[in-house]
Amino acid sequence: EVQLQASGGGLVQAGGSLRLSCAASGFTFNDYTIGWFRQAPGKEREGISYVRFADYNTVYADSVKGRFTISSDNAKNTVYLQMRSLKPEDTGVYYCAATWRTWGMEESDYTYWGQGTQVTVSS
C-alpha cells in the first residue's frame with residue numbers, strides 16, 4: 001500500500017528555517033511525482049512544489065521560489081522540503097502527496113496523501 005507521512009513541522013521565528021520530510025512506503029519513486037502542499041485555516045490547499053522522478057524536474061510556486069528547495073534521498077524513500085527565510089504567511093499545515101506518471105500543482109493531480117504537519121512562523 002502506498003503510504004506517505006509528512007513530519008518536521010514546528011514553531012519558528014520569521015527569517016528562520018525548517019526542513020520537512022515526507023517518508024514514503026509501498027512504492028519507489030520511479031514514475032511518480034511527489035508534491036508539497038500547504039493549507040491555512042479557511043483557505044484552499046495550495047501547491048507549493050513538486051519533483052517529478054521520471055526526469056527530476058522540479059517546480060516551485062512563486063510564493064516560495066528562491067526560499068524553498070525540494071530534494072530527495074531515494075535510498076530512504078524520503079522527500080524533503082527545505083524552507084528558508086520563513087515568513088508569517090508561510091504558516092499552515094503542510095502535506096506531501098504522490099501521483100503516478102503525471103504531475104501538477106493542484107490537489108486533484110494527486111492520488112495519495114500523507115498526514116499534515118503544522119508549520120507556524122511567528123513575527
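Residues numbered from 1 in each chain as written. Predicted model: local features only at pLDDT ≥ 70, side-chain atom pairs only at ≥ 80, totals over all residues. Heavy atoms only, no water.

A. Layout of the pairing of strand S11 (residues 117–122). Where burial is concerned, the two faces of S11 differ: the one with Thr-117, Val-119 and Val-121 is buried and the one with Gln-118, Thr-120 and Ser-122 is not. Bridge analysis of strand S2 (residues 11–13) against S11 gives 3 bridges, and the strand direction is parallel. Residue pairing for S11: Val-12 is matched across the bridge by Val-121. (Buried < 20%, exposed > 50% of the residue type's maximum accessible area, 1.4 Å probe, protein only. Helix = DSSP H or I, 4+ residues; strand = E, 2+ residues; numbered from the N terminus. Pairing = 2+ DSSP bridges.)

B. Spatial organisation of the pairing of strand S5 (residues 46–52). Counting buried positions along S5 gives 6 out of 7 residues, so the element sits mostly inside the fold. For strand S4 (residues 32–39) and S5, the ladder comprises 6 bridges, and the chain directions are antiparallel. Looking at the pairing, Ile-34 lines up with Val-51 of S5. Here S5 runs beside strand S6 (residues 57–60); their pairing, made up of 4 bridges, is antiparallel. Bridging across to S6, Ser-49 finds its partner in Tyr-60.

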